[in-house]
Amino acid sequence: MTPGMPTAPRALALSAENFDHLLEVVPQAVIIVHRESGRLLAVNAAACRMYGYPRLILQQMRYPDLATEAKSVFTIFNERREHVPLRYHRRADGTHFPVELNLRWAGADTDEYAFVAIRNVSDQFRRERQDRDEDQRYQALFRSAPYPLYLLNNRGVIIEANTAALERYGCEATDMQGQHVATFLADDQQAPRYYLSRHSFLSAQWHRRRDGQLFLADILLSRQQDAGGAQTLVTVRDITEERALLDRLKASEERWRFALEGQGDGLWDWNIESDELTVSDDFRDALGFPPGTGRDNLNAWTERILSSDRLSLEQAFANLLKGTTSLLEHQLRVRWKNGDFRWVALRGKVMEWTLQGRAARIVGSVRDIEEEKRRAELEQSRQEQMLHTARMVSVGEIASALAHEVNQPLTAICNFTAVALHKLRADAPKDELGGLLQTISEQAMRAGQITHQIRSFVKKGKTNLRPLSIEKLIAGVLPLAGMQAKAFDAAMTVDIEPSLPDVMADQVQIEQLLLNLIRNGFEAMRQSSGPRLLTLRAGLESCELIRVEVTDLGCGLPEKMLKGTWAPFCSSKEEGLGMGLSICRSIIENHSGRFWAQPGPDGGTTFCFTLSTLRPSP
């Protein structure tokens, strides 16, 4: 070797030790397989960990012991494959896992062998399967969604459409996919908004079906970015019928407003959350409010209400807001623009509720009922006068019986007074005089009671409903009814169920009603050759009604009168005024009951009426 000249590198021999070292530093699992026998000539530590075998045991195994398919082993080694994307291998615990193989071949003939690098692709396989499952689920949801859905690319071309979209637009998949969205819009100038605009909601868009028909839809846009660029998912909600319904409701509301305003009703709309009250202009003008938007604070209107009526109105509104009542119907007095207070009828109903179940909006009407109130008061006065007149007529009809009844105690008073004077002159004992004076006093009280009953009966007054016992009501008329029974040579029985609840009634009017029916029954039996018996019964019709019946054994009523035709001044009696039954029906109507006639069970007629009971609070 010449001094100063560089020395040539020595060739390195690859010993078995160096070869094993190289296998160990490879991070991937590596095995060396003899092609003809399939024996594993060498394995690294990564392969031992992957398969779960100690090195000594793994190196004594053959490649077919690791593979799950014998056919795949034959294919790999006979075709000298260099890449196998997916095969399943077996671990020491018997579990299978997917692997990817990269092979390099060396040697020749019977000494040929393969360097096999093995990669466990379980995680990749799992992710791919998840992605595939997610894609399948997405596709299933996309296709089965009830709303029409279609996907646009960044140029507005339809990439995909679900079944609902195909049905809505009347297309096949091949007719819709690949078409520009403008094809299905009534106004193609709106198309860029579907795939370029930043808006996520487009309201009331007209769309065109394949057959040319139009429908109205709300559009929801959802944009996403992927490797292929921007895409837009379009959700279509057909609102054609909904809009038509709203238009019909609007037209109906306009007709309703026109009808109410034509009847003189004002309209009001209370937004509870903002406390704003909207009132129609005609009613605003009547109260002296200036025209305008009609929106005012609620206090501006409540100040117009008569102070004594405000508390009851607040209670009525409270019941409506709590749901105790479904409809507000209330009468109150409101100050008009001339300063006078007039009666109005207020009606209202909750039209909107919050998600929490609270009332959000009340809509209603208001009507001037001042004239109706005056007419009602006048009619009430006339009816009271008619009832008073009828009572006077009834008293006139029983005058002879009354004179007889009063004459008896007066005669007794005269006779016993004469006896007492005679005893006094004869110096009779005081105890005899005391007995005579006691008898005189009792007869005087009897005459006074008869007179008091007549005065109470003919007394004029307004209808006064209060809780009354039905037994006491009937007992109050029995003395006068007894007089009439004697006059007509008739008998009377009373049958009252025990423990009946009280009724809401006007005592004088019900007594008048009973006396009219009792006298009619006696008169119907005047010419009867059979028994003259009148029966008065009272019992429960239902838990809220008591039924009273007056039954005679007379000649009965004509068919027309049994059907309830009781016109004033038309009577079946020669001397009758035709007012009795008409007045009876008016009395019961004032008590919110029913009045009718029916044939009696043993002949004659049964008159029936009902009165509301007064039940104790539970």
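Read on for an overview of the structure. (Residues numbered from 1 in each chain as written. Predicted model: local features only at pLDDT ≥ 70, side-chain atom pairs only at ≥ 80, totals over all residues. Heavy atoms only, no water.)

Let us look at helix H18 (residues 507–524). The end-to-end C-alpha distance of H18, which contains 18 residues, comes to 26 Å, matching closely the 26 Å that a straight helix rising 1.5 Å per residue would cover. Counting buried positions over the 18 residues of H18 gives 14, a clear majority of the element. (Helix = DSSP H or I, 4+ residues; strand = E, 2+ residues; numbered from the N terminus. Expected span 1.5 Å × (residues − 1). Buried < 20%, exposed > 50% of the residue type's maximum accessible area, 1.4 Å probe, protein only.)

Attention now goes to the packing of aromatic side chains. Under the criterion given, the structure shown has eleven aromatic pairs. Centre to centre, the rings of tyrosine 150 and tyrosine 169 are 6.2 Å apart; their planes meet at 75 degrees, and the pair counts as edge-to-face. Taken together, the residues span a long stretch of sequence, with tyrosine 150 in strand S6 (residues 149–152) and tyrosine 169 in helix H7 (residues 163–169) at a distance of 19 residues. Comparing tyrosine 150 with tyrosine 169 shows no difference in burial state: the two are buried. Ring geometry for tyrosine 169 and phenylalanine 184: centres 5.3 Å apart, planes at 70 degrees, overall edge-to-face. On the criterion of sequence distance, the pair formed by tyrosine 169 in helix H7 and phenylalanine 184 in the loop between helix H8 (173–176) and helix H9 (192–195) is long-range, its members being 15 residues apart. A relative accessible area of 0% means that tyrosine 169 is categorised as buried. Members of the aromatic cluster, each reached through a chain of ring pairs, are Tyr150, Tyr169, Phe184 and Phe215. Between arginine 342 and the ring centre of tryptophan 336, over which it is positioned, the NZ or CZ distance is 5.5 Å. Above the ring of tryptophan 596, the side-chain terminus of arginine 594 is found at 4.0 Å from the ring centroid. (Phe/Tyr/Trp six-rings, centres within 6.5 Å; stacked < 30°, edge-to-face > 60°. Lys NZ or Arg CZ within 6 Å of the ring centre and 35° of its normal.)

A few words on unusual backbone geometry. Note: most residues except glycine have negative phi, and most peptide bonds are trans. Even without glycine at this site, arginine 80 takes up a positive phi of about 50 degrees. With respect to the helices, strands and loops of the structure, arginine 80 is situated in the loop between helix H5 (70–78) and strand S3 (83–90). The phi dihedral of serine 499 falls on the positive side, at around 60 degrees, and the residue is not glycine. Here serine 499 is to be found in the loop between strand S18 (491–496) and strand S19 (503–505). The exposure class of serine 499 is exposed, given its relative accessible area of 74%.

By themselves, these figures tell us nothing about what the structure is for.
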